[in-house]
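So you can see what is in the structure, the chains are spelled out below.
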Amino acid sequence: PTPFVPKATIKIASQSPLSGDFAATGTDIMRGAELAVRQLADPLMELGYKIELAPYDDQNNVGEAVSVAKEIVADPEILCGVGPYTSRIFIQVEEIYHQAGLAFVSPSATAVFVTESGYLEVNRVVGRNDGEGAAGAQFAKAQGFARVFIISQNTDPTTFIAENFRNAASRLGVTVVGDMSTDATENFDWLIDRVISNNADLVYFSTLSVEQAGGFFREARAAGYKGAFMGLSSLDNPGLLESAGPLLISDGGMYYTNVVLPAMNYPDASNFVEDFETLYGSSTPQFFSVQAYDAAGVCMKAIEEASIVKGGEVPTRAEVASAIRALQDYQGITGVYNFDKKGDLNPAEYFVFQAVSTDPEDWSQNPLITSFEIAPVP
């Protein structure tokens, strides 16, 4: 057979922490993107292209991320990127990518402000964190919780999520009997008294602190509160059991939302998990690895579509960025993707889990209770 001689090389960049405190998750994000390039590149190869992954380590550090972004945009063969990992990093580098016209698709950045710029180059394949509030309210309604007390930590994201929960709950006819903010991590007597005196059957705690929520949950149970607790993806942490104690799951129980599932829980991810573990000799893929696979798939599909429109020629970065937004019902492993004018998923899926064991070692076995599709708030 005639050797394959590509007419051009096209690169997909990945930007994530490959060293430092978040290296495990960042490395699996890179690996998910790499696996997609290995498995999904055939249509682009049929168009005559060689496809490569170009991995970059931003260490989840702003200064390093800015340097990395400048390196990435300087390589003309890079037409799309996967990442960054955190919203904090994305917001610091998106101007660089915007000026270069280079589209990125984050598998993990959930903060609302990431896409508020409206830049064509900014996209994500996970839901926004404000959608967790709306999903929590829908769950409260579906479970028959009638009286909800909202508590939030004094940070912009947590108060915003709590506000979205409150607004959605009110629309659904769930009565909000209290709404308080605090930074306390202990001595919650004054707050617990209000929860109990208002006959709340659900406490919705919007916080990023496992220690804060765990301290409140422990003290509330000790004071005789029998209702349910609910929190955000930040509480998807076995440390919550250590902080709250075994009574966390008693009486009304404890629930939490998340924007993603473990890879093995997606119905179409069995081959991904098997191939991932075989290729990298690792245990179960970290969170966001399968989303990185889908993000790279979005990149390659957009490059393919943009190239076909040009009669097989190499598309520009701007043409790829436009093609991402024009994709209709892109079928990924984790769902079907459509992007709105800001680069957010419309709709995005949110998941509700229940804590069921008092053993932190079993936290990953917490069952999925239900899921909701939520459109982004305009």
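Above this text is the structure in question.
Residues numbered from 1 in each chain as written. Predicted model: local features only at pLDDT ≥ 70, side-chain atom pairs only at ≥ 80, totals over all residues. Heavy atoms only, no water.

(A) Structural view of the packing of helix 11 (residues 289-309) against helix 12 (residues 317-326). Orientation of helix 11 relative to helix 12, taken along the N-to-C sense of each, is 110°, at an axis distance of 8 Å. Between helix 11 and helix 12, the angle is such that the two are roughly perpendicular. Crossing of helix 11 against helix 12: the hand is right-handed. Seen from helix 11, the contacting residues are Val298, Ala302, Ile303 and Ala306; seen from helix 12, they are Glu319, Val320, Ala323 and Ile324. For the contact of helix 11 with helix 12, the per-class residue count stands at 7 nonpolar, no polar and 1 charged. (Axes fitted to C-alpha atoms, helices over the stretch in contact; angles between N-to-C directions. Helix = DSSP H or I, 4+ residues; strand = E, 2+ residues; numbered from the N terminus. Parallel < 35°, antiparallel > 145°, perpendicular 65-115°, else oblique. Left-handed = near helix turned anticlockwise from the far one by under 90°. Contact = heavy atoms within 4.5 Å. Nonpolar A, V, L, I, M, F, W, Y, C, P; charged D, E, K, R; others polar.)

(B) Structural view of the nonpolar core. Ile12, Phe216 and Phe217 are the most contacted members of the largest nonpolar core, which has 107 residues in total. At 11 residues, helix 11 tops the list of elements feeding residues into this core. The residues touching Phe217, leaving out its near neighbours within four places in the chain, are Phe205, Phe229, Leu235, Leu240, Ala244, Leu248 and Met254. (Core = buried A, V, L, I, M, F, W, Y, C linked by side-chain atoms within 4.5 Å. Buried < 20%, exposed > 50% of the residue type's maximum accessible area, 1.4 Å probe, protein only.)

(C) The sheet that holds strand 5 (residues 122-124), seen in detail. In space, the 5 strands of this open sheet follow the order 2-1-3-4-5, with parallel pairing throughout. Across the chains shown, the open sheet's two edge strands, defined by having one partner strand only, are strand 2 (49-57) and strand 5. When strand polarity is set aside, the average angle formed by the axes of neighbouring strands in this sheet is 25°. The pairing of strand 3 (residues 78-82) with strand 4 (residues 104-106) spans 2 bridges and is parallel. Opposite Gly81, over in strand 4, you have Phe104 as the bridge partner. The strands touched by helix 11 within the sheet are strand 1 (8-16), strand 2, strand 3 and strand 4, with strand 3 carrying the most contacts at an inclination of about 155°. Sheet contacts for helix 12: strand 3, strand 4 and strand 5; angle to strand 3, the most-contacted strand, approximately 40°. (Pairing = 2+ DSSP bridges.)

(D) Spotlight on the packing of aromatic side chains. Following the criterion strictly, the structure yields 20 aromatic pairs and no others. Relative to Tyr204, the ring of Phe165 has its centre 3.9 Å away and its plane inclined at 10°; by these criteria the two rings are stacked. One end of the pair, Phe165, is in helix 6 (residues 156-172); the other, Tyr204, is in strand 8 (residues 202-206), with 39 residues separating them in the sequence. In this pair, the class of Phe165 matches that of Tyr204, namely buried. Here Tyr225 and Phe229 contribute two aromatic rings whose centre-to-centre distance is 5.5 Å and whose plane-to-plane angle is 40°, an arrangement assigned as tilted. Classification of Tyr225 as buried rests on a relative accessible area of 4%. Look at Phe229 and you get buried, because its relative accessible area is 0%. Grouping aromatic residues by their ring pairs yields a cluster made of Phe188, Phe205, Phe216, Phe217, Tyr225 and Phe229. The ring of Tyr49 has Lys7 sitting right over it, with the charged end atom 4.9 Å from the ring centre. (Phe/Tyr/Trp six-rings, centres within 6.5 Å; stacked < 30°, edge-to-face > 60°. Lys NZ or Arg CZ within 6 Å of the ring centre and 35° of its normal.)

(E) Here's a closer look at the sheet that holds strand 14 (residues 368-374). Overall, mixed pairing links the 7 strands, which are arranged 7-6-8-9-10-13-14 in an open sheet. Each end of this open sheet is capped by a strand with a single partner; those strands are strand 7 (175-181) and strand 14. With strand direction ignored, the average angle separating the axes of adjacent strands in the sheet is 20°. Judged from the 5 bridges that link them, strand 6 (residues 147-152) and strand 8 form a sheet pairing that is parallel. Bridge assignment links Ile150 to a residue of strand 8, and that residue is Tyr204. Against the sheet, helix 7 (residues 189-197) makes contact with strand 6, strand 7 and strand 8, and its axis sits at roughly 160° relative to strand 6, the strand it touches most.

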